[in-house]
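# Coordinates in review
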Amino acid sequence: MPLPYFFEENISPDHASHILSEETGKHCIQVLRMKAGDHLQLTNGKGYLFNATLIKAGKKNSEVAIETKRQIQQGSRKICIAISLLKNASRFEWFLEKATEIGVAEIIPLLCNRTERQNFRPDRMKNILISAMLQSQRAVLPVLHEPLSFEKLMLQSHTDTQKLIAHCDE
């Protein structure tokens, strides 16, 4: 059975132990019924994967000892996708999940001429990205930018070697 996998944004690769966030600790202790001595994996979303052992199992504060850490190397290609916000929010959320699962590094929501949906909830979108990252057991959380107009995106200087635009009209 694979080890439970959690996201801890503030975990540092320099420390030998870490106090879990209240949400993660509660999930470990109350939902998974983990006890001191149980093993788990943590990621900070920045490419580090930590194997840890629960040393203090409390409902409000739990602590782990970091046994091993390794930095997961991303592939040589860094994929950035800019996509227009969609009228149907669930379709955009589905896109965020799938893009995270396949390893997209950056996502830029676009505001185009025909964009109907202008409501963007970054906290909800970040939670979707975190869930997808954990589900696919990735160690890198994609960067989610603020919505940007197509014109501003085209004016930004990128060092990308290749840019592709998917377009429906001829």
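See above for the structure.
For every chain, the first residue of the written sequence is number 1, and numbering continues from 1 along that sequence. Per-residue local features are limited, in this predicted model, to residues with pLDDT of at least 70; the limit for side-chain atom pairs, both in listing and counting, is 80 or more; totals at the level of whole chains, interfaces and linings are taken over all residues. Hydrogens are left out, water is left out, and the side-chain values use all remaining heavy atoms of the structure.

## Here we look at the overall build of the protein
For clarity, the cut-off: Secondary structure elements are defined from DSSP: runs of H or I of at least 4 residues count as helices, runs of E of at least 2 residues count as strands, and each element is numbered from the N terminus. It only takes one pair of heavy atoms within 4.5 Å for two residues to be counted as in contact. The accessible surface values rely on the Shrake-Rupley method and a 1.4 Å probe; as for residues, cover is taken only from the protein chains in view. Counted as positive: Lys and Arg. Counted as negative: Asp and Glu. His and the chain ends are not counted at all. Where a charge lies is defined by one atom per residue type, namely NZ (Lys), CZ (Arg), CG (Asp) and CD (Glu).
If you tally the helices and strands in the protein, you get four helices and nine strands. Of the regular secondary structure in the protein, the N- to C-terminal order runs β-β-α-β-β-β-β-α-β-α-β-β-α. With the principal axes as the frame, the protein shows a C-alpha extent of 60 × 30 × 25 Å. Here the analysis covers contacts within the protein between residues at least 6 apart in sequence; of these, 64% occur between residues at least 24 apart. Carbon and sulfur atoms make up 50% of the accessible area of the protein, which totals about 11400 Å². For the protein, the distance from the average site of its 22 positive side-chain charges to the average site of its 19 negative ones is 3 Å.

## Remarks on the nonpolar core
Definition in use: To form a nonpolar core, buried Ala, Val, Leu, Ile, Met, Phe, Trp, Tyr and Cys residues must be joined to one another through side-chain atoms within 4.5 Å. Working definition: with a 1.4 Å probe on protein chains only, accessible area under 20% of the residue-type maximum means buried, over 50% means exposed, and in between means partly exposed.
With 16 residues, the main nonpolar core has Phe92, Phe95, Leu96, Ile107 and Leu141 as its most contacted residues. Every element with two or more residues in this core is listed here: α2 (89–102) and α3 (122–135). Apart from the residues within four sequence positions on either side, Phe95 is in contact with Ile81, Ile83 and Ile107. The next biggest cluster of nonpolar side chains, apart from the first, holds 13 residues, and it includes Leu20, Cys28, Met34 and Phe50.

## Things to note about the side chain of His18
Structurally, His18 can be placed in strand β2 (residues 17–19). His18 has contacts with Glu8, Asn10, Ile11, Ser62, Glu63, Val64 and Ile66, leaving out every residue within four places of it along the chain.

## Some words on the sheet that holds strand β1 (residues 5–7)
Strand pairing in a sheet is mediated by backbone hydrogen bonds. Such pairs are either parallel or antiparallel. Put simply, the test is: When DSSP finds two or more bridges between a pair of strands, those strands are recorded as paired. All axes are obtained by fitting lines to C-alpha atoms, using only the stretch in contact for helices, and the reported angles, taken between N-to-C directions, cover 0 to 180 degrees.
Ordered by their spatial adjacency, five strands build an open sheet running β1-β3-β4-β5-β2, and the pairing between neighbours is mixed. Each edge of the open sheet carries a strand with a single partner, namely β1 and β2. Averaged over all pairs of adjacent strands, the angle between their axes in this sheet comes to 40°, without regard to strand direction. Bridging between strand β4 (residues 48–56) and strand β5 (residues 63–71) involves eight bridges; their strand directions are antiparallel. Bridge pairing in β5 places Phe50 opposite Lys69. Those strands touched by helix α1 (residues 22–31) are β1, β3 (39–43) and β4, and its axis lies near 160° from that of β1.

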